[in-house]
Amino acid sequence: MSQSTLDDEELFTEAASEMREDVEESLAAARAELPEADDIWDVEADNTLGVLNSLSTALELGDARENLRDAKKWYTMGKEADAFDDAEDLAEEIESVEALLGDIEAAEEQASELASTIPQLKSALEESDEDEAEAEPAEA
């Protein structure tokens, strides 16, 4: 082999290693943005709305979605270039983080929906109680 071919293979191996590191770093960064389990389980508030707002805040993902996107981008590039000897672990980790993000986003959406519904429900119930009180005849 010529010196140029050896250098090209060496450079490709080095680039493949760097791509794998980029994927792993982006996945680690995405995981670091995920909420802690205790943060979503242990919330303190005076009422239901406070609990829901605290939960919604605890479920915020920060840059996790962007970090996952970077991991997928570098993984796809490395896979298309056939740069990874064994990339199954990376694919599994990407799927795992993606599933977690989906679950967290769904929970945050549900908490937000409830947080917007609860005040309306409370008002409707209060109005119903007032209407019922007005409709009851005065006892003598």
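Please refer to the structure higher up on the page.
The following refers to the structure shown. From a predicted model like this one, the values you see are computed outputs, not experimental measurements. (Residues numbered from 1 in each chain as written. Predicted model: local features only at pLDDT ≥ 70, side-chain atom pairs only at ≥ 80, totals over all residues. Heavy atoms only, no water.)

1. Points about helix α5 (residues 88–135)
Rule in force here: Strands are runs of DSSP state E lasting at least two residues, helices are runs of H or I lasting at least four, and both sets are numbered from the N terminus onward. Multiplying one less than the number of residues by 1.5 Å gives the expected span of a helix. The bend at a residue is defined as the angle formed between two axes, one fitted to the seven residues ending at that residue and one fitted to the seven starting there. Each residue is assigned to one of three classes by its accessible area relative to the maximum for its type, calculated with a 1.4 Å probe on protein chains only: buried under 20%, partly exposed between the two thresholds, exposed over 50%.
In a regular helix each residue adds 1.5 Å, so 48 residues correspond to 70 Å; α5 covers 69 Å between its end C-alpha atoms and thus fits that length. The largest bend in α5 amounts to roughly 25° and is located at T117, with the proline P119 lying one to four residues further along. Of all the positions in α5, only L90, A91, I94, V97, L101, I104, A111 and A115 are classed as buried.

2. Points about the pattern of salt bridges
Applicable threshold: Salt bridges, as used here, are contacts in which a Lys or Arg side-chain nitrogen is within 4 Å of a carboxyl oxygen on Asp or Glu.
Applying the stated criterion to the full structure yields seven salt bridges. Among the salt bridges present, the one from R20 reaches D89, with a minimum N-O distance of 2.5 Å. With a gap of 69 residues between them, R20 in helix α1 (residues 3–33) and D89 in helix α5 connect regions that are remote in the sequence. It is possible to trace a salt-bridge network through shared partners that takes in R20, E24 and D89.

3. Topic: helix α3 (residues 48–58)
For clarity, the threshold we go by: Here, the arc refers to the directions that run from the helix axis to the C-beta atoms. By definition in these notes, contact holds between two residues if any of their heavy atoms fall within 4.5 Å. Each polar contact in these results corresponds to two N or O atoms within 3.5 Å; when the atoms are within protein, one needs to be able to donate a hydrogen and the other to accept it, and residues that are neighboring in sequence are counted only if both atoms are side-chain atoms.
For α3, the full list of buried residues reads L52, S56 and A58. An end-on view of α3 places all buried positions within 165° of arc, on one side of the element. Looking at the buried residues of α3, the elements they touch are α2 (37–41) and α5. Of the residues that open α3, the one with a side-chain oxygen 3.1 Å from the backbone nitrogen of L49 is N47.

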